[in-house]
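This is what each chain is made of:
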Amino acid sequence: MAALADRLLKNVFFKIPNDLDLKNLELSYKDDSTSQRIVIPSAVIDGGDMESKFLLNDHEAAWNLTGTIDSDNQECDLRLFSDKKEVNLPLLQRKFGLAVSFDEISFRLDKANRRNKELLELHGQWGFKNLKINHWRISSKDVIFPEATMQGALNIGASSIEVSKESTVQVKDFVFSPYLKYVHKPEKEVFLAIHTDKIKAQDFLMQCRLGCFRGWMAYRLRGIFNTI
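Residues numbered from 1 in each chain as written. Predicted model: local features only at pLDDT ≥ 70, side-chain atom pairs only at ≥ 80, totals over all residues. Heavy atoms only, no water.

(A) Representation of the overall build of the protein within the structure. When its secondary structure is counted, the protein shows three helices and 14 strands. Buried positions account for 32% of the 228 residues belonging to the protein. Counted over contacts in the protein with a minimum sequence separation of 6, partners at least 24 positions apart contribute 39%. (Helix = DSSP H or I, 4+ residues; strand = E, 2+ residues; numbered from the N terminus. Buried < 20%, exposed > 50% of the residue type's maximum accessible area, 1.4 Å probe, protein only. Contact = heavy atoms within 4.5 Å.)

See the structure below:
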């Protein structure tokens, strides 16, 4: 998995130029159950500064992608947002029954470090605003995360993907360190842990519901991964 991810990363950055002026590109996807069409009326990269718009299925949704890309150093800082609130991903809904929407998602890749042939480390930061998820294996109602940022490292090994223990997540004033590891073989396994510093009792009580949700979510995630 590390070798595959490393090749994909290098191929993607290798194909992104430092300067680009693209107009009216159309991409389409179709299988037995669904179809998707994306029109890019304009995409511009000027010295690494990027600005682009995506139109989904005849203006079903309009997305904007802005930021910077450094292909030589495999670095990027991107922001995806919609002309209207709640960017929807209808392909996931139609294909997997997973409803996902958000107002904004940001992603920054600071460094891709190939430790050895079996380990690739990706260091960076990502965040979102008003992330909403709905799947019958998770909850009968929408699960809403108003705003959060995460920074740290994603370790991709020979048969596993791991969020490093040094990573941190901030939700408003609450900061914690998550640990998540998915092992693909020889057996599918999911490991999840949450670590926090000392916090005030009142703040702890306010987070109790969230903590209970995390434990319940881990149980639900196991069921989801067992079906993959």
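(B) Structural context of the pairing of strand E2 (residues 35-46). The pairing of strand E1 (residues 19-30) with E2 spans 11 bridges and is classified as antiparallel. Within E2, the position partnered with Lys23 by the bridge is Ser42. Across seven bridges, the pairing between E2 and strand E3 (residues 49-56) is antiparallel. Following the sheet pairing, Ala43 is matched in E3 by Ser52. Connecting E2 to the antiparallel partner E3 that follows it, the hairpin turn spans two residues, and Gly47 within it adopts a positive phi of roughly 60°. (Pairing = 2+ DSSP bridges.)

(C) Representation of the packing of aromatic side chains. Under the criterion given, the structure shown has two aromatic pairs. Here the aromatic cluster, defined as three or more aromatic residues joined through ring pairs, consists of Trp126, Phe128 and Phe145. Lying across the ring of Tyr179, Lys165 places its NZ or CZ 5.3 Å from the centre. (Phe/Tyr/Trp six-rings, centres within 6.5 Å; stacked < 30°, edge-to-face > 60°. Lys NZ or Arg CZ within 6 Å of the ring centre and 35° of its normal.)

(D) Structural detail: the environment of Gly97. Within the element layout of this structure, Gly97 appears in the loop between helix H2 (90-96) and strand E7 (99-102). As a C-alpha pair, Gly97 and His135 span 38 residues in sequence and 6.5 Å in three-dimensional space. When residues no more than four places from it in sequence are discounted, the contact partners of Gly97 are Leu92, Asn134 and His135.

Note that every value here comes from positions in space, so none of it alone points to a role or purpose.
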